[in-house]
Amino acid sequence: MSGARTIDEGEFTSMKFARSLYLCVLMFSLSLTTVQPASAQGSGSATLDAIRARGQLLCGTAGTTPGFSLPDSQGVMRGLDADSCRAVAAAATGDANKVKFVPTTTQNRFTALQSGEVDMLSRGTTWTLGREGNLGLEFAWVNYYDGTGFLVKKSAGVKSAKELDGATVCVAPGSTTELADADFFRINNIKFTPILIQDVSELQGAFLSGRCDAYSTDASALATFRFSQGPKAEELVLLPDIISKEPLGLVVRKSDDKWFDIVRWTFIAMITAEEKGITSKNVDSFMDSKEPDIRRLLGLEGDMGKALGLDNKWAYNIIKQVGNFGEMWDRSITPMGVPRGINNLWTKGGLQYAPPIR
Amino acid sequence: MSGTIVDPRMAAARAAPKRRLRLSWSDPLFRAIVWQVVIIGLAVLLAWYLIGNTNRNLAARHIATGFAFLGRVAGIPIGESLIPYNPAVDTFGRALLIGVLNTLEVSAIGIVAATIIGTLVGIGRLSGNWLLARLTGFYVETVRDIPLLLQLLFWYALLHNLPQPRQSLRVGDAVFLSNRGLKLPLLNWEPAHGWALLALVAGAVGTVLWNRHVRRRQEATGIRSPVWPVALSLLIGLPLAVWALLGAPLSWDMPALRGFNFQGGGTISPEFFALLLGLVVYTAAYIAEVVRSGIQAVSLGQREAGSALGLHRGTILRRIVLPQALRVIIPPLTSQYLNLTKNSSLAVAIGFQDVVSIANTTLNQTGQAIEGIAYIMAVYLTISLSISAFMNWYNNHVALVGR
């Protein structure tokens, strides 16, 4: 996804100029703001101090992706990315609702984070060396392990991505998908014609109308897109080939290590909770647990929270208000018909492995 | 008529003996110089502060800067390109160049087409024919009221609904129209074609010279000999003769359906065509109004005087009305050309890879937003200033010359 799924926010698709303008304004703000060193008195994290002073976390999300971040009929942001923001807010402020979801696009997301417009990004951004090396950003954790795939129409009779020679492929511009596709076709010595449309609904329309033979983006996004087609989903086939690694991460600015730690350990706490079977429903029943790991996690023993510059109840707040990692998944992704797969705990054949909290 | 007219009094003032500059606030010249130095100094200081501060902030945020990324291998796929491109070896610099060429291509064709259609519609609105005047009026009023982006999406959606490649509309086995675009046979280029093209250029030069000669003779003797037989033989006969002398080679690269899509032949993609159609239809409506107002600005007396002299209606239009109308038309027409060029950046909405689309992708892949946006701005500024410069030159050329 890195691009695709999230891309651009059909609502203001049009206003590409508005976006460019926004970029310019962000860059202008970059040229005006002065560098502020972390204050000596506060928590040691300039970002955390700013969040506490402001009373809320500014979290950059896509806001247009079912299963990841999309407002429900009551206008409440729902999805895995949205809940990831809530978990960090619960750790940082003690209240999961102290979040402001800032809509970002694939185009302006990094600039928004760099210029301080948001405190973190939770919008399906692929963790790559280039982004950590060149952009002054770092990836605190991966909340979704994804990979680039292809969706085709059943009528095309294609069984594998290698049969796509000469095909026209719909791709979102500015995404890692674009590069993955170019590499895949080059390696296999076959040709393709890309159709790059920024607005995701236009892009999907181009695929459905037959302008493209295949639609390529992260497999998770293809699955949710196929699912959203209702009865017509049967006419679409997700090819088995996954041609790239797309670990979708939580991104923060470099140079605030304390804040990086808080975001990272928020996720470790949620995964630890899932390993231990602690959920938002039963967390209170663990408050008299004798197990040292659980006592340290819930702040009953040791000073784990203080070490992060937080309240000792930080993990309790996350679990109580947002839940463990599995609960987040079941709430948002399971209804889309996507299996947990490699996103499961390491003990269940997945990749999510929590370092010890001690 | 800008600076061509010189007031004699001004010339006299300029020739006046030089006054010594006094270093006093009461000397207007001294004051003027001081103010200009102060203002330029402030502007330089502001620019210096903004650039310096941006650099400091970029460094503090560990963001790489500079245009070094232009030399890096791009790896991004590009759908259509006027020059060869291979994502495996070519650089971001070349990818961006392709974007610029695509922008220039659609703008150039768009400007020519919009001018022709706009002029015809503008004249049509003034027509005595009720139906023609109403139809063109309806066109202008409707098209101007709908945002361009919606029109582009409309045309693009319309082209999507063309049949699939296998069911494409066809003319014989040569021309196919499907939702993959218009497929045309492409001429296999031979050296003979190059020579024929050269002959065509030579023929065009010859025609211009012949035309000038005829006019001079008409002015001298009053006899006007026809231009077209010579022009025809120079423009068509000469290239054909060259081509035939070199063996008249002719073969075509025909499009053929293989696998998913057509192979071979030339393509006009739906993205390009939708963008061109949208820009031309939209801009032509404005140009029509510019042309109409220009023609109406020529006073009726001019036309009547022409008829009184017994001139043809065509001659009146060509010799009397249009030359005067052009003076009114050209400045606003320049604005429309600039608008069309800049509006072509809406291409990104319908997947045509113009300079904005490719620069956006580049800045996403490299993360160098400031450089990317600066590049886009520099490209549009260069194109726009070139168009302005040319149109201003032309405007001066047709301007009223005081004799």
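Worth saying up front: this structure is predicted, and the values here are computed from it rather than measured.

### Quick look at the overall build of chain A
Right, on to step 1. Across its full length, chain A holds 13 helices and 12 strands.
Right, on to step 2. Per-residue burial over chain A gives 60% buried out of 358 residues.
Right, on to step 3. Of the contacts made within chain A by residues no fewer than 6 positions apart, 73% connect residues no fewer than 24 positions apart.
Right, on to step 4. Split by element, the accessible area of chain A, about 13,500 Å² in all, is 56% carbon and sulfur.

### Looking at the overall build of chain B
Right, on to step 1. For chain B, the count of helices and strands is 12 helices and 8 strands.
Right, on to step 2. In terms of overall dimensions, chain B is more spread out than a globule: its C-alpha atoms have a radius of gyration of 28 Å, far above the 22 Å expected for 403 residues.
Right, on to step 3. With respect to the principal axes defined by its C-alpha atoms, chain B has extents near 85 × 80 × 50 Å.
Right, on to step 4. Here chain B holds 403 residues, and 38% of them are scored as buried.
Right, on to step 5. Pairs at least 24 apart in sequence give 66% of the contacts found in chain B among residues at least 6 apart.
Right, on to step 6. For chain B, the accessible area works out to roughly 22,900 Å², and carbon and sulfur atoms hold 68% of it.
Right, on to step 7. Taking the 32 positively charged and 16 negatively charged side chains of chain B as two groups, their mean positions are separated by 11 Å.

### Side note on the pairing of strand E10 (residues 214-218) of chain A
Successive side chains on a regular strand alternate, one facing one side of the sheet and the next facing the other.
All names here are of chain A.
Right, on to step 1. Summarising burial for E10: 5 of the 5 residues are buried, a large majority.
Right, on to step 2. Where strand E7 (residues 148-153) and E10 come together, 5 bridges link them in antiparallel fashion. Its bridge partner being in E10, Thr148 is matched across the sheet by Asp218.

### Quick notes on the state of the cysteines
Residue and element names in this part refer to chain A.
Right, on to step 1. Under the counting rule described, the total for this entry stands at 2 disulfides over all chains.
Right, on to step 2. Here Cys170 connects covalently by a disulfide to Cys212, the sulfurs 1.9 Å from one another. The disulfide joining Cys170 to Cys212 has a torsion of about 65 degrees about its S-S bond and is therefore right-handed. Here the residue Cys170 occupies a position in strand E8 (residues 167-171), and Cys212 occupies one in the loop between helix H7 (200-208) and E10, the gap between them amounting to 42 residues.
Right, on to step 3. Judged by relative accessible area, Cys170 falls into the buried class, the value being 0%.
Right, on to step 4. What connects to what in chain A, once the bonded cysteines are numbered by sequence position, is 1-2, 3-4.

### Details of the sheet that holds strand E12 (residues 246-253) of chain A
Residues and elements named next belong to chain A.
Right, on to step 1. Spatial ordering of the open sheet is given by E4-E1-E5-E12-E6, a layout of 5 strands whose pairing is mixed. Bordering the open sheet on either side are strand E4 (99-103) and strand E6 (137-146), each of which pairs with just one other strand. Here the average twist between neighbouring strands, direction ignored, is 25 degrees.
Right, on to step 2. Bridge analysis of strand E1 (residues 57-61) against strand E5 (residues 120-126) gives 2 bridges, and the strand direction is parallel. Bridged to Cys59 within E5 is Met120.
Right, on to step 3. Against the sheet, helix H9 (residues 257-276) engages E1, E5, E6 and E12, with an angle of about 20 degrees to E6.

### Considerations on the layout of surface pockets
Right, on to step 1. Of the volumes computed, that of the largest pocket is approximately 1,400 Å³.
Right, on to step 2. Lining of the largest pocket is provided by 48 residues; of these, A:Phe192, A:Thr193, B:Ile78, B:Gly79 and B:Glu80 occupy positions nearest its centre.
Right, on to step 3. Secondary structure elements with two or more residues in the lining of the largest pocket: helix H6 (176-187) and strand E9 (192-196) of chain A together with helix H3 (92-125), strand E7 (261-263), strand E8 (266-268) and helix H8 (270-297) of chain B.
Right, on to step 4. The element best represented in the lining of the largest pocket is E9(A), accounting for 5 residues.

### Brief notes about the domain arrangement of chain B
Right, on to step 1. Structurally, chain B comprises domain 1 (25-63) and domain 2 (92-163 + 268-398).
Right, on to step 2. Each of domain 1 of chain B and domain 2 of chain B has a C-alpha centre, and the two are 38 Å apart.

### Description of the domain arrangement of chain A
Residues and elements named next belong to chain A.
Right, on to step 1. Structurally, chain A comprises domain 1 (10-146 + 247-348) and domain 2 (148-244).
Right, on to step 2. Between the C-alpha centres of domain 1 and domain 2 there is a distance of 30 Å.
Right, on to step 3. Area buried by domain 1 at its contact with domain 2 is led by Gln107, Asp146 and Met336, which between them contribute 38% of it.
Right, on to step 4. Taken together, domain 1 and domain 2 are joined by 0 salt bridges.

### Digging into the nonpolar core
Right, on to step 1. Among the nonpolar cores identified, the biggest contains 74 residues, and A:Cys170, A:Tyr215 and B:Leu275 are the most heavily contacted of them.
Right, on to step 2. At 13 residues, H8(B) tops the list of elements feeding residues into this core.
Right, on to step 3. Counting residues in each nonpolar core, the second largest holds 60 residues, with A:Ala273, A:Leu297, A:Leu310 and A:Val322 among its members.

### Considering the side chain of A:Asp119
Residues and elements named next belong to chain A.
Right, on to step 1. Within the secondary structure layout, Asp119 lies in the loop between helix H4 (109-114) and E5.
Right, on to step 2. For Asp119, a relative accessible area of 2% gives the class buried.
Right, on to step 3. Separated by 2.9 Å, the side chains of Asp119 and Arg54 make a polar contact.
Right, on to step 4. Those residues in contact with Asp119, other than ones at most four positions away along the chain, are Thr47, Ile51, Arg54, Gln56, Leu57, Leu58, Leu113, Val252, Arg253 and Trp259.

### Looking at the interface of chain B and chain A
Interface extent is often summarised as the accessible area lost during association of the parts.
Right, on to step 1. Each side of the interface is counted separately: chain B has 52 residues, and chain A has 54 residues.
Right, on to step 2. At the boundary of chain B with chain A, total buried surface from both sides reaches about 4,400 Å², with 57% on carbon and sulfur atoms.
Right, on to step 3. At the junction of chain B and chain A, the tally comes to 2 salt bridges.
Right, on to step 4. One salt bridge in this structure joins A:Asp213 and B:Arg180, with 2.7 Å as the shortest N-O distance.
Right, on to step 5. The tally of links from chain B across to chain A stands at 6 residue pairs in polar contact (both at pLDDT 80 or more).
Right, on to step 6. In terms of residue count, helix H2 (residues 28-60) of chain B provides more of the side of chain B that touches chain A than any other element does, 8 residues in total.
Right, on to step 7. Split into classes, the residues belonging to the side of chain B that touches chain A amount to 26 nonpolar, 20 polar and 6 charged.

### Notes on the packing of H9(A) against helix H13 (residues 325-332) of chain A
Residues and elements named next belong to chain A.
Right, on to step 1. Between H9 and H13, the least distance of the axes is 6 Å, while the angle of their chain directions is 90 degrees. The orientation of H9 with respect to H13, classified from their angle, is roughly perpendicular. Residues Phe267, Met270, Ile271 and Glu274 of H9 pack against Phe325, Gly326 and Met328 of H13.
Right, on to step 2. Class assignment for the residues of the contact of H9 with H13 results in 5 nonpolar, 1 polar and 1 charged.

### Observations concerning the environment of B:Val290
All names here are of chain B.
Right, on to step 1. Within the secondary structure layout, Val290 lies in helix H8.
Right, on to step 2. When its relative accessible area of 10% is taken as the criterion, Val290 is described as buried.
Right, on to step 3. Taking the C-alpha atoms as reference points, Val290 and Ala308, 18 residues apart in sequence, are found 28 Å from one another.

### Examining the side chain of A:Asn324
Residues and elements named next belong to chain A.
Right, on to step 1. Relative to the helices and strands, Asn324 resides in the loop between helix H12 (314-321) and H13.
Right, on to step 2. Judged by its relative accessible area of 4%, Asn324 falls in the buried class.
Right, on to step 3. From its side chain, Asn324 meets the backbone nitrogen of Gly326 in a polar contact 3.0 Å long.
Right, on to step 4. Among the polar contacts listed, one links the side chain of Asn324 to the backbone nitrogen of Glu327, at a separation of 2.8 Å.
Right, on to step 5. Residues in contact with Asn324, not counting those within four places in the same chain, are Met270, Ala273, Glu274, Ile278 and Thr279.

Conventions adopted
- Residues numbered from 1 in each chain as written.
- Chains lettered and ligands numbered in written order.
- Predicted model: local features only at pLDDT ≥ 70, side-chain atom pairs only at ≥ 80, totals over all residues.
- Heavy atoms only, no water.
- Helix = DSSP H or I, 4+ residues; strand = E, 2+ residues; numbered from the N terminus.
- Buried < 20%, exposed > 50% of the residue type's maximum accessible area, 1.4 Å probe, protein only.
- Contact = heavy atoms within 4.5 Å.
- Areas by Shrake-Rupley, 256 points an atom, 1.4 Å probe, with all protein chains shown as cover.
- Rg over C-alpha atoms; globule rule 2.2 N^0.38 Å.
- Lys, Arg positive; Asp, Glu negative; His and termini not counted.
- Charge placed at Lys NZ, Arg CZ, Asp CG, Glu CD.
- Pairing = 2+ DSSP bridges.
- Disulfide = S-S within 2.5 Å.
- Axes fitted to C-alpha atoms, helices over the stretch in contact; angles between N-to-C directions.
- 1 Å grid on protein atoms, 1.4 Å probe; cavity = no way out; pocket = protein on both sides within 12 Å on 5 of 7 lines; lining within 4 Å.
- Points joined across faces, edges and corners; volume = space filled by probe spheres on them.
- Domains from an automatic or database assignment.
- Buried area = accessible area lost by both parts, 1.4 Å probe.
- Salt bridge = Lys/Arg side-chain N within 4 Å of Asp/Glu carboxyl O.
- Core = buried A, V, L, I, M, F, W, Y, C linked by side-chain atoms within 4.5 Å.
- Polar contact = N/O pair within 3.5 Å; in protein donor to acceptor, adjacent residues only side chain to side chain.
- Nonpolar A, V, L, I, M, F, W, Y, C, P; charged D, E, K, R; others polar.
- Parallel < 35°, antiparallel > 145°, perpendicular 65-115°, else oblique.

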